[in-house]
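Listed here are the chains, written in short residue letters.
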Amino acid sequence: MRASIVLAALIGLSGTAISEEDGYSHEQKTYRFGGTYKVIAATDVQSCANRCQLEDVCLAWSFQRETQGLGTARCELKSSVGRAEENALMVSGISPR
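Residues numbered from 1 in each chain as written. Predicted model: local features only at pLDDT ≥ 70, side-chain atom pairs only at ≥ 80, totals over all residues. Heavy atoms only, no water.

### As for helix α2 (residues 45-54)
At step 1: For α2, the full list of buried residues reads V45, Q46, C48, A49 and C52. Looking straight down α2, one finds its buried side chains confined to an arc of 160°; they lie on one side. (Buried < 20%, exposed > 50% of the residue type's maximum accessible area, 1.4 Å probe, protein only. Helix = DSSP H or I, 4+ residues; strand = E, 2+ residues; numbered from the N terminus. Arc of directions from axis to C-beta.)

Shown next, in the form of structure tokens:
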């Protein structure tokens, strides 16, 4: 229920494309500021979302694809949802908890 309310708020506040896969909301071209408590290597968006789901403190995540000049792909796990900002290199999501 909480995730549905947050998702509805996100749709109303931003023009960001939001998709839902396997219960996770994915915000394309979005970075979530604040609340980062862990940064880990990740191979893809789904592995980042899955890692967040495994950790009780994780409420949101941001994934950066591997890009030339910026290094390997990474996943930022967040203890708060934070504010969303457009960023073409990122995909973010909110835990369905």
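### Here we look at the pattern of salt bridges
At step 1: Applying the stated rule across the entire model yields six salt bridges.
At step 2: Linking E27 and R32 is a salt bridge whose minimum nitrogen-to-oxygen distance equals 2.8 Å.
At step 3: Of the residues examined, E27 reaches a relative accessible area of 2% and is grouped as buried.
At step 4: Residue R83 pairs with E85 through a salt bridge whose shortest N-O separation is 3.2 Å.
At step 5: Judged by its relative accessible area of 51%, R83 falls in the exposed class.
At step 6: With a relative accessible area of 37%, E85 lands in the partly exposed category.
At step 7: Residues joined in a network through salt bridges with shared partners are K38, R51 and E55. (Salt bridge = Lys/Arg side-chain N within 4 Å of Asp/Glu carboxyl O.)

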